[in-house]
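# Reading the structure
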Amino acid sequence: MLDITSNEQLMRLLAALSEQLDAAGQRYELVVVGGSGLIALGLINRPTQDVDVVALLDAGRARTADPFPHDLVAARDRVARDFGIPEAWLNPGPAGLVDLGLPDGFVDRVESRSFGPSLTVHFASRLDQIHLKLYALVDQGPGKHEQDLRALAPTAAELSAAARWARTHDPSEGFRQMLEEALRYLGVDDADLGA
Amino acid sequence: MRISELRSHLRAPLLEFAWDQWAQMGVFATSQRADRWAADPEALLLFTFEVARADARLFDEVLDWLVVNERLVSVQRLRNLCRDEMDRSLVDASLGWAAQSRPRARLLSPADSNKPRAGADEPLLRRSRMRVTRPDEAFRRHGWLKATTKPNGKSSAPNLLAPINFAFRLRQILGVGARAEAVRVLLTSDAPRMTAQEIAESAGYAKRNVQEALTALHSSGVIETVSVGNEQRFSIPLSPWAALLSLSADDLPQHRAWPQLFHALRVLMRWVEDEQHDSLSDYMLASEARTLADEITPELRYAGVHLDSAARAGADYWQDFIELASAAAAALA
């Protein structure tokens with residue numbers, strides 16, 4: 001199992017991916033969320049097992065990353081081979097979020113890093129990571145998501161905004177109750193979750 | 001070690017090896033070596049056509065040897081052992097050159113009846129600063145730019161009693177073909193019994209041809225066969241064959257997996273000599289090297305080259321590759 005334990009290690013993998021894409025004459029812009037994105041922005045300091053790509057950015061518009069294009073897979077797999085890591089080190093696991101809808105202004109808030117002419121990686125901003133982590137906490141339970149969310153030190157207003165966005169993905173009453181419970185657990189008792 | 005240093009590190013021993021082999025096989029050169037193995041003439045020719053692109057004199061002396069000894073060479077086998085277009089064009093160009101002195105249909109390929117092709121030719125000699133003013137037409141037909149040369153006639157026939165020339169000796173007895181190669185493999189291999197497929201891998205002929213040769217030899221009572229499951233395995237009685245050759249069984253030459261080893265070394269040298277690799281980053285150089293290593297490692301292992309399985313990550317793999325390349329070259333010692 002791969003453990004990306006440092007920003008330096010993550011940058012090395014992405015730089016290698018960039019070189020492989022360059023050699024193949026390909027160019028991609030990846031939108032990354034999750035633990036690796038938090039490591040890249042220096043927001044957390046825990047190991048993560050993969051790099052979650054939520055979308056590909058094409059002319060400023062996010063489009064689904066699932067399935068990865070063939071040449072991106074080829075480049076990713078060569079990096080995996082070269083570093084002795086699983087091929088799923090870079091995966092489109094959370095790509096479904098694009099269909100359900102990313103938080104408003106998500107693309108405008110990303111923090112971008114260029115790895116040369118063939119690869120730009122856009123890391124979700126702190127605010128958007130709060131949105132995604134709150135949703136993941138309610139959807140998948142505590143653990144690393146709670147740990148990450150606490151490391152992001154969200155304000156009550158940020159958590160409320162995140163909760164309202166999460167409800168657009170699951171408007172059921174059951175989910176609303178779980179959200180309210182999660183928010184209370186995080187110290188927000190009076191969140192406005194809308195109608 | 002940078003790739004330019006690796007180039008020199010590999011080129012010198014490979015050229016030295018080729019000179020030493022050919023000197024024992026009739027090329028006009030001296031060698032202090034008296035190898036105990038049986039050479040594989042066609043595999044060695046293919047290997048030499050590649051490594052001698054760094055040594056014009058070796059290339060020309062081997063071409064001269066080919067003209068003098070072409071009756072001992074199997075053109076079919078030479079073509080069978082080609083693995084890619086580069087191999088084929090070097091072989092066809094060299095045979096076409098030999099045909100200028102020995103006009104024989106078997107030496108010619110369809111391209112030899114064509115006019116020289118249009119477009120840029122690749123210099124046969126690597127990094128040569130000599131401008132080719134009179135290009136050889138036989139080589140040009142196959143896309144190579146080589147200065148016109150004539151056979152110097154200095155080569156001689158191989159000494160058939162030297163172990164290294166065992167293949168030629170068997171060809172003189174059994175004829176040039178699958179039968180002689182199958183007997184060579186059986187007499188020199190350490191394996192007590194071999195399948196037709198295993199023999200074919202060294203014999204350099206199609207399995208069907210080798211199977212036919214083995215069946216004929218078996219029906220003549222000069223090789224033996226046992227069935228293991230539904231697979232036939234062949235063996236050869238060493239003492240009677242050795243006696244026929246005025247040798248003791250212990251004096252029979254040694255087998256080496258030359259086609260596999262030489263192919264791996266050809267691919268390795270072609271890659272190392274490619275100057276496009278000089279401009280790669282440390283990581284991409286290591287990555288490309290790893291791709292090459294993945295390709296040639298099975299053949300190197302088949303040829304008995306010991307290679308470590310553990311590999312360093314990323315750009316650090318380059319050191320592993322240097323060790324692999326060194327081990328491959330050392331297999332010739």
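Criteria and cut-off values
- Residues numbered from 1 in each chain as written.
- Chains lettered and ligands numbered in written order.
- Predicted model: local features only at pLDDT ≥ 70, side-chain atom pairs only at ≥ 80, totals over all residues.
- Helix = DSSP H or I, 4+ residues; strand = E, 2+ residues; numbered from the N terminus.
- Rg over C-alpha atoms; globule rule 2.2 N^0.38 Å.
- Buried ≥ 20, exposed ≤ 12 C-beta atoms within 10 Å, placed from the backbone.
- Contact = placed C-beta atoms within 7 Å.
- Nonpolar A, V, L, I, M, F, W, Y, C, P; charged D, E, K, R; others polar.
- Pairing = 2+ DSSP bridges.
- Core = buried A, V, L, I, M, F, W, Y, C linked by C-beta atoms within 7 Å.
- Domains from an automatic or database assignment.
- Axes fitted to C-alpha atoms, helices over the stretch in contact; angles between N-to-C directions.
- Parallel < 35°, antiparallel > 145°, perpendicular 65-115°, else oblique.
- Left-handed = near helix turned anticlockwise from the far one by under 90°.

A few words now on the overall build of chain B. Within chain B, the regular secondary structure consists of 14 helices and five strands. For 333 residues, the compact-globule estimate of 2.2 N^0.38 gives 20 Å, and chain B sits close to it at 21 Å. Each of the three principal axes of chain B carries a C-alpha extent, and together these read 60 × 50 × 40 Å. The buried share of chain B, reckoned over its 333 residues, is 42%. For chain B, the share of sequence-separated contacts (at least 6 apart) that also reach a separation of at least 24 residues comes to 67%.

All names here are of chain B. By the criterion of burial, helix α2 (residues 41–51) is predominantly enclosed, with eleven of the eleven residues buried. Turning to α2, its buried residues number three or more, namely P41, E42, A43, L44, L45, L46, F47, T48, F49, E50 and V51. Against α1 (3–23), α3 (56–69), α4 (75–80), α5 (85–101), α7 (166–174) and α12 (258–273) lie the buried residues of α2.

Moving on: the interface of chain A and chain B. Accessible area lost on assembly of the parts is the figure often given for the size of an interface. Across the contact, nine residues belong to chain A and eight residues belong to chain B. Counting residues per element, the ones that place at least two in the side of chain A that touches chain B are α1 (7–23) and α3 (70–83) of chain A. Within the side of chain A that touches chain B, the residues separate by chemical class into three nonpolar, one polar and five charged.

A few words now on the sheet that holds strand β4 (residues 224–228) of chain B. All names here are of chain B. Here we have three strands laid out as an open sheet, ordered β3-β5-β4, and antiparallel in their pairing. Each edge of the open sheet carries a strand with a single partner, namely β3 (194–195) and β4. Two strands pair when backbone bridges link them, and β3 and strand β5 (residues 231–235) are joined in this way by two bridges, in the antiparallel orientation. Bridging across to β5, M194 finds its partner in F234.

Now for the nonpolar core. Formed by 148 residues in total, the largest nonpolar core has its most connected members in L134(A), A182(B), L186(B), I199(B) and V210(B). Per-element tally for this core: the top contributor is α12(B), with eight residues. With residues up to four places along the chain from it excluded, the contact list for I199(B) reads A182(B), V185(B), L186(B), M194(B), V210(B), L214(B) and F234(B).

So, about the domain arrangement of chain A. Residue and element names in this part refer to chain A. Domains assigned within chain A are domain 1 (7–124) and domain 2 (127–185). Here the C-alpha centre of domain 2 lies 23 Å away from the C-alpha centre of domain 1. Taken together, the contact between domain 1 and domain 2 spans 13 residues of the former and 13 residues of the latter. Mapped by element, the contributors of at least two residues to the side of domain 1 that touches domain 2 are α2 (35–40) and α5 (106–109). Residue composition of the side of domain 1 that touches domain 2, by class: eight nonpolar, three polar and two charged.

Let us look at the packing of α12(B) against helix α13 (residues 282–302) of chain B. Residue and element names in this part refer to chain B. Direction vectors running N to C along α12 and α13 enclose 155°, while the axes themselves pass 8 Å from each other. Accordingly, the angle class assigned to the pair α12 and α13 is roughly antiparallel. α13 is crossed by α12, and the crossing has left-handed handedness. Two secondary-structure elements touch here, α12 through Q260, H263, A264, V267, L268 and W271 and α13 through L292, E295, I296, E299, L300 and Y302. Here the residues of the contact of α12 with α13 are counted per class, giving eight nonpolar, two polar and two charged.

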